[in-house]
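Architecture at a glance
Chain by chain, the residues run as shown.
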Amino acid sequence: MKKIFSLIAVMLLGATSLFAQNPDKGLSWAVEGGIGSELEIGGRAQYNFNKYVAWDVLNAKYAYDYGDFSWNELTLTTGVRGFSPTFGPDLKAFAAIDLGYGLVWKDGSDSNFALDFTIGMYVWKGLYAGYGLGFMKHDAFKHKDHLLRVGYNF
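Cut-offs applied
- Residue positions are given per chain, counted from 1 along the sequence in the order it is written.
- Local features in a predicted model are, by the rule used here, given only for residues with pLDDT of at least 70; side-chain atom pairs are given and counted only at 80 or more, and totals for whole chains, interfaces and linings are based on all residues.
- As a rule here, side-chain values cover all heavy atoms of the structure and leave hydrogens and water aside.
- Secondary structure follows DSSP: runs of H or I at least 4 residues long count as helices, runs of E at least 2 residues long count as strands, and numbering of each begins at the N terminus.
- Categorising residues by exposure relies on relative accessible area from a 1.4 Å probe, with only protein chains included: less than 20% of the type maximum marks a residue as buried, more than 50% marks it as exposed, and the intermediate range marks it as partly exposed.
- Contact definition: two residues touch when any of their heavy atoms are within 4.5 Å.
- Under the convention used here, a 1.4 Å probe and the Shrake-Rupley method define accessible areas, while residue burial counts only the protein chains that appear.
- For the purposes of this section, nonpolar cores are sets of buried Ala, Val, Leu, Ile, Met, Phe, Trp, Tyr and Cys residues that join through side-chain atoms within 4.5 Å.
- The predictor attaches a confidence to each residue, and that confidence, scored 0 to 100, is pLDDT.
- Under the counting rule used here, the positive set is Lys and Arg, the negative set is Asp and Glu, and His together with the chain ends is not counted.
- Put simply, a salt bridge is a Lys or Arg side-chain nitrogen that is within 4 Å of an Asp or Glu carboxyl oxygen.
- Nitrogen and oxygen atoms within 3.5 Å of one another constitute a polar contact, given that in protein one can donate a hydrogen and the other can accept it, and given that sequence-neighbouring residues count only through two side-chain atoms.
- Aromatic rings from Phe, Tyr and Trp, taking only the six-membered ring of Trp, are treated as a pair when their centres fall within 6.5 Å; an angle between ring planes under 30 degrees marks them as stacked, one over 60 as edge-to-face, and anything in between as tilted.
- A ring is considered to have a charge above it if a Lys NZ or an Arg CZ atom is located within 6 Å of its centre and within 35 degrees of its normal.

**What about the overall build of the protein?**
The number of helices and strands found in the protein is one helix and eight strands. Listed N to C, the secondary structure of the protein is α-β-β-β-β-β-β-β-β in terms of helices and strands. Among the 154 residues that make up the protein, the fraction classed as buried is 34%. Within the protein, contacts between residues at least 6 apart in sequence are counted, and of these 46% link residues at least 24 apart. Accessible surface, the protein: about 9500 Å² in total, of which carbon and sulfur atoms supply 71%.

Here you go:
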């Protein structure tokens, strides 16, 4: 029993030391969900160069498009993210643009060029909300989605 309590104490001390790290530099992780013309969930690895510029190392998203065609999408993108100066206790605006490839499947599968654009605001610590616009070029046509995105950056 003492070993278990000791292990819990070490884990808590380790977790609090992680929160003491500088969030404006280095690698961070985020999870995100969106709803609009499709339903999407995803995650991202983000490398912060400073408090104004970050690189979205890998952005992976799964989406179910329940519109006219009702298909599944998986996108893998990379891009850049910019932040405004902080103008409140935890408020700051951001914009991101990501490019990469998407895989679409319903009866068969098809890989395509994907572009994702997001603007929004951090409203509390790592919690953010914003508007997302996603484009994917299919063989026969172009497809776009409008979303309300909510996420948390760890």
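What follows continues from the structure just given.
**Structural notes on the environment of glycine 82**
When you line up the elements, glycine 82 lands in strand β4 (residues 71-83). For the pair glycine 82 and lysine 51, spaced 31 residues apart in sequence, the C-alpha separation works out to 8.7 Å.

**Structural notes on the nonpolar core**
Grouped together as the largest cluster of nonpolar side chains are six residues: Ala30, Ala54, Phe83, Phe94, Tyr122 and Tyr128. Beyond its immediate sequence surroundings of up to four residues, phenylalanine 83 is in contact with Gln46, Asn48, Lys51, Tyr52, Val53, Ala54, Lys92, Ala93, Phe94 and Tyr122.

**Here's the deal with the confidence of the model for the protein**
Caution applies to low-pLDDT parts of the model: their predicted coordinates are not meant to be read in detail. Here the protein averages 80 in pLDDT, while 77% of its residues score no lower than 70. When pLDDT is averaged over each helix and strand of the protein, the minimum, 50, is found for helix α1 (residues 2-19) and the maximum, 90, for strand β2 (residues 39-48). Confidence drops under pLDDT 50 across residues 15-22; counting only partners more than four residues distant or on other chains, this segment forms zero contacts.

**Quick look at the side chain of aspartate 98**
Counting through the fold element by element, aspartate 98 comes out in strand β5 (residues 92-105). There is no salt bridge for the buried aspartate 98, and the closest opposite charge comes from arginine 81, which lies 4.5 Å off by N-O distance. Of note is the side chain of aspartate 98, whose polar atom sits 3.0 Å from the side chain of asparagine 59. What aspartate 98 contacts, discounting residues up to four positions off in sequence, is Asp56, Asn59, Thr77, Thr78, Gly79, Val80, Arg81, Ala114, Leu115 and Asp116.

**Points about the packing of aromatic side chains**
This model, assessed by the stated rule, comprises six aromatic pairs. Each ring, one from tyrosine 47 and one from phenylalanine 49, has its centre 5.2 Å from the other, and the planes form 75°; the classification is edge-to-face. In this structure phenylalanine 49 comes out as partly exposed when scored by relative accessible area, which is 44%. Ring pairs connect the aromatic residues Phe83, Phe94, Tyr122 and Tyr128, which therefore count as one cluster. The ring of tyrosine 122 has lysine 92 lying over it, and the distance from NZ or CZ to the ring centre is 5.4 Å.

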